[in-house]
Every structure is written in C-alpha cells, then in structure tokens.
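Each chain, letter by letter, is given below.
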Amino acid sequence: MFQLHDQLRRDTLAVCRMKLCLVQLMNDAQYPWLILIPAADNLTEIADLSEKQRKLLINEIAQAERVLQHIYKPYKLNVGALGNMVPQLHIHVIARFQEDPAWPAPVWGRLPPRPYEEAALRATIAKLQNAFIARV
C-alpha cells in the first residue's frame, strides 16, 4: 500500500491529487516549490513506472509547470528527480527568479528552509488548488 515517505510528510503539505501523483508544497516560503509523488508502491526511479505511467508523469509535471508559471511568472523552472536523501520517487518542480536567495545555484542546501506563516500557507495552497482545478 502506498505511503508517503516520512521526510516528505515532514517537509511538505498537501495541495491536490492528480491521476498519478500527489502534489505537495515544500514548506519553504523562499521558493514556490512543488513536489510530485507518484502514488504507487515501491518506486524509486522513473524507469520503475510503466510506459503509460511515464507518459502520465510527464503530463503531470507539465501541468505543475503551467500552474507555477501562471501564478508566479518565474524566470526559470527547475525540474528534477534526485532521490539521494529520500529514495521514494518524487519530482521537484521549482519556480526560480533571478532575485531568489539561491539564484543561480540549485536551491538544495543553500539556506535553511523558511516555513510559511499560517495565513500565507493557506493562501498559497488555495491559489495552487484553484489553478490545478482550472487546469491553467
């Protein structure tokens, strides 16, 4: 049975469920940062997905990109599936700006996370949910 990895459960908050993936928000207000987790057992690599699931995954990544572009108008989007610290297959989709605190370097390990304040968190999740529902 599918279970979200403990680290992802600690670091992220639920946004919505797509056909294949859970969409989570990284609890770091410094960057608009989504994480897509295919909701299937024992996945560590994209190659572990069936061909149909891989096609669905790329479509869901593109949808997450469109949502971030629509809401935040980023300079660049970073997409990656590393898994060095969390082996469960998950894909980072991060909106980047030339003014962000880690630019132009990767966001990992640059600064300690800055959790969202409660009101900003609720507003951010609502904006993201509405954009996913509208399929921007």
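Please refer to the structure placed before this passage.
So, here's what we can say about the structure. Keep in mind the model is a prediction, meaning the values are calculated, not measured.

### Regarding the sheet that holds strand β4 (residues 76-80)
The strands that make up a sheet are held in pairs by hydrogen bonds between backbone atoms, and each pair lies either parallel or antiparallel.
Here is step 1: If you trace the 5 strands from one edge of the open sheet to the other, you get β1-β2-β3-β5-β4, paired in antiparallel fashion. This sheet does not close on itself; its edge strands, each paired only once, are β1 (12-17) and β4. The sheet shows a mean angle of 25 degrees between the axes of neighbouring strands, direction not considered.
Here is step 2: Helix α2 (residues 51-72) contacts β2 (21-26), β3 (33-38), β4 and β5 (91-96) of the sheet and is inclined by roughly 25 degrees relative to β5.
Here is step 3: Together, β1, β2 and β3 form the strand contacts of helix α3 (residues 118-134), whose direction differs from that of β1 by roughly 25 degrees.

### Brief notes about α3
Here is step 1: With 17 residues, α3 extends 24 Å from end C-alpha to end C-alpha; this agrees with the ideal 24 Å at 1.5 Å per step.
Here is step 2: Residues of α3 that are buried make contact with β1, β2, β3 and α2.
Here is step 3: Two residues or fewer past α3, Arg 135 is found with a positive phi of approximately 50 degrees.

Thresholds, definitions, all that
Residues numbered from 1 in each chain as written. Predicted model: local features only at pLDDT ≥ 70, side-chain atom pairs only at ≥ 80, totals over all residues. Heavy atoms only, no water. Pairing = 2+ DSSP bridges. Helix = DSSP H or I, 4+ residues; strand = E, 2+ residues; numbered from the N terminus. Axes fitted to C-alpha atoms, helices over the stretch in contact; angles between N-to-C directions. Contact = heavy atoms within 4.5 Å. Expected span 1.5 Å × (residues − 1).

Limitation: the analysis is restricted to geometry and does not speak to function.
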